[in-house]
Every structure is written in C-alpha cells, then in structure tokens.
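Here is what each chain is made of, one letter per residue.
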Amino acid sequence: MKNSFSPVVRYFLSILFLTFSLLSCKKKDPGLKDVFSDAFLIGTCMNVTQINGTDLKAKPFIAANFNSVTAENAMKWERIHPVPGKYDFAVADSIVKFALANKMFVVGHVLVWHSQTPDWVFQDSLGNPLTRDALISRMKEHIFTVVGHFRGRVKGWDVLNEAVDEDGSLRKSKWLEIIGKDYIQLAFEFANAADPWAELYYNDYNNELPAKREGILPIIKDLKQKGVKIDGVGIQGHWHLDSPKLNVIDESISKYASLGLKVMITEMEVNVLPTPPEVYGADVSQQARYLETLNPYPAGLPDSVSNQLAQRYADLFGVLMKHKDAVTRVTFWGVHDGYSWKNDWPIKGRTNYPLLFDRNYKPKKAFYSVIKTAKN
Ligand code: XIL
C-alpha cells in the first residue's frame, strides 16, 4: 500500500512516537544496596516464607536490593536448639546458602538473649534452676555448636542481645541471675574462641537513648580493657515518626564510635501507628490491647502520613550518612510492609507501613527520599 503521508509528516510522527515510548517506558529503580555502596551495607531480615520460595518474588527482590541478610528468627535459641541435645539448622542453612550465593554479608542473630530462649535452658532435667557452672557449660556448648556450624559463612554475630534495662542497669535476666555479670564477658570469649575471624556485636533497642547508652558504654569499655574481642554495637532502630530525636541518634553514634566500635542499625523500621508510649521499645514479651483507634489505616496509608514517613526516613538517613565512616551496615527489619513484625507487635492484627517497600514490593515515597540522601 502506498504510504499516504509526506516525508515531513512521517518525520514528525516518528519523533512523536519516540518521545511517547521514552516517556511511557518506566525507568528502573536502582537496587537500594547499590545506591549506598560507598557508604554502608544495606541488609534485610529473612523469614521462612521467603526462603522456602512460597513467595516467589522474595528471593530475586532481596538479591537485587540488599547485600546483607539476618535470619529473622531461624538462629534464635528456640528455633536452632529447641530441645536439649537437638539442633535444627535447616532453615538457617537455607538462608545462609542463599545469601552466600548472592555474595551477601551474613549476620548471625542471636547467641545469648533473654527472649525466644526456652525455659529448659535455665533448668536441670528435674526442672530445678541450673547452677552457675552448669549454665556456663550450656552457654558454651550452644555457642560453640552454633558458631562452629556457621564458621566462615556467618561473618558477624549478635553475641548478646538486650542485656541492659532502660535505666542503664543490667537486665535482670536468668543469665544474670544464675551466672552473675561476667556472663557477658564469657559469651564474647566463647564466641571468639568458636570463630576467631567473626565480628562480634552487642545489640539492643533504645540504646541510642542516653540512660541506656550510659549503662552500655562502661560495659563495652570494660570488655575492651580486659582484651575481650568486641567489634561493634547494633542499634536495633525500632523507631517511630516522632522519636527518638535525631540529635540523640547522632550523639550516640559518635559515642559508640569513639570506643573504636563499628556501629550498625540492625533492625530498622519506622512505626506509623499510634502506639502507647509504654510499648515504644522492642521487648518482644510486651503486648498491648487492640483498639480500632490504634489501627487507623487498615485500607491504606493517607498521603499526609506517607509524606511524614518519607521525611522521617530522609532525616534518619541524613544522620546515618553523616556518620558513614562509623556506620557499617543498615539492616531493615523486614523486606516490605506486609512482612513487618510491627503489624503484630506490640498489638496483634494491625496494618502498619514501616518500611521502604509496600505490600506489592513497590518502592514508596520513603524509598525515593532515602536514595536522595546518598547523593547529597
Ligand atoms: C522479632 C521477630 O521479627 C518476630 O517475628 C518474632 O516473633 C519476635 O522477634 N529485637 C530483636 C529481634 O532482636 O529478634 C526481634 O524480632 C525484634 C526485637
């Protein structure tokens, strides 16, 4: 068929077509990890649904956006060592295998903690409290077995989680009660003996707040003075739209770094739901009662709150980028909003929006505000 358009019209039509195609072809978003490759590692935690492939999208998405992985639950005592003498490494092994196949830095979470640790750990076979020596041997056996199993694959361990209370005093855990305060030193020494090449961390929530921080700093100083290996401090970063204040985070990173520690944000998210202040921490044993008023956005987050979240994330990353020499890793506690533990903690059954990706893996406004901070 004869082309009925003149060459000039054809020329303009093709320009129009080209412009339209370019505009409609959506630019691919960069991988989050690549945006921050000059600053710090970007991590996520992984759960069973993601690693066993029930959610087909999870693995490729994680590999594209993150270069560090922490098992959300699979390495905790109750999962990896559920009954005396029996270890279950299956889920943790799959996570580590996936992470290493994708050249990710694997974090071991966690060796010694008061939560998600079965009661039998502190009891003898008759249910009586263990003696100090027996609990030390049990802790040593656990650390040697778990750290030994992952030696050379897990590059950094949360050796001790949440050992200090809000007022800076030692948490009255069974570990402290039965062994005494040197359980802290022993945990780090055992971990170091089990894998001398692994980095060793102290991890906590609210440890950017002055009272808790001032309790933790002398413990770390004391370990260092005694020549006990400790490489870093994890600030969990279970944060909110309105707290903590940026200057508090800023000051705390400086203080920890001044002890020669690497600083990591290990479980970052920003809660957007109204939450009673008494459950502003992250003690997994706490719970609050469900009320409709505490779950205001079941059908979607209003733009005004999305904007607030984006601004909050930009501000937080502004502080982290300022300290990029000290901060070695920022790990998000969840791949996307649907996976966040904040949908069920501290109140079960809410709809929260605390991460950078929505329930369909789509980057949120907060994602774009965060990546902008890398360029400044
Ligand atoms: C949370 C997990 O995300 C939940 O799936 C689990 O039910 C409870 O623990 N501090 C920590 C993490 O160190 O291990 C916790 O993870 C959140 C608080």
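To start, this report covers the structure provided alongside it. The structure presented is a predicted model; accordingly, all values stated were derived computationally and were not measured.

This part takes up the packing of helix H10 (residues 210-225) against helix H11 (residues 246-258). When two helices pack together, their arrangement is captured by the angle between the axes and the distance separating the axes. Put simply, H10 and H11 touch, their axes get as near as 11 Å, and they point 5° apart. Between H10 and H11, the crossing angle belongs to the class labelled roughly parallel. Seen from H10, the contacting residues are Pro210, Arg213, Glu214, Ile216 and Leu217; seen from H11, they are Val248, Glu251, Ser252, Lys255 and Tyr256. Of the residues contributing to the contact of H10 with H11, the split by class is five nonpolar, one polar and four charged.

Now for the pattern of salt bridges. As enumerated under the stated definition, the model contains 14 salt bridges in all. Its salt-bridge partner being Lys33, residue Asp34 comes within 3.2 Å of it at the nearest N-O pair. Here Asp231 ties to Lys229 by a salt bridge, and the two come within 3.1 Å at their closest N and O atoms. Classification of Asp231 by relative accessible area gives buried; the value is 19%. Through salt bridges that share partners, Arg213, Glu214, Glu251 and Lys255 make up one connected network.

For the structure on display, the rule yields 18 aromatic pairs. Ring centres of Phe317 and Phe332 lie 6.1 Å apart, and the angle between their planes is 10°; this geometry places the pair in the stacked category. Residue Phe317 is found in helix H12 (residues 303-322), and its partner Phe332 is found in strand E9 (residues 327-332); the two are separated by 15 residues along the sequence. Of the residues examined, Phe332 reaches a relative accessible area of 3% and is grouped as buried. Aromatic side chains Trp341 and Trp345 sit 4.6 Å apart centroid to centroid with 15° between the ring planes, which places their arrangement in the stacked category. Taken as a pair, Trp341 and Trp345 share a single burial class, namely buried. Here the aromatic cluster, defined as three or more aromatic residues joined through ring pairs, consists of Phe36, Phe40, Tyr313, Phe317 and Phe332. The ring centre of Phe144 lies 5.6 Å from the NZ or CZ of Lys140, which sits over that ring. Against the face of Tyr205 rests Lys212, its NZ or CZ located 3.8 Å from the ring centre.

How each quantity is defined
- Residues numbered from 1 in each chain as written.
- Predicted model: local features only at pLDDT ≥ 70, side-chain atom pairs only at ≥ 80, totals over all residues.
- Heavy atoms only, no water.
- Axes fitted to C-alpha atoms, helices over the stretch in contact; angles between N-to-C directions.
- Helix = DSSP H or I, 4+ residues; strand = E, 2+ residues; numbered from the N terminus.
- Parallel < 35°, antiparallel > 145°, perpendicular 65-115°, else oblique.
- Contact = heavy atoms within 4.5 Å.
- Nonpolar A, V, L, I, M, F, W, Y, C, P; charged D, E, K, R; others polar.
- Salt bridge = Lys/Arg side-chain N within 4 Å of Asp/Glu carboxyl O.
- Buried < 20%, exposed > 50% of the residue type's maximum accessible area, 1.4 Å probe, protein only.
- Phe/Tyr/Trp six-rings, centres within 6.5 Å; stacked < 30°, edge-to-face > 60°.
- Lys NZ or Arg CZ within 6 Å of the ring centre and 35° of its normal.

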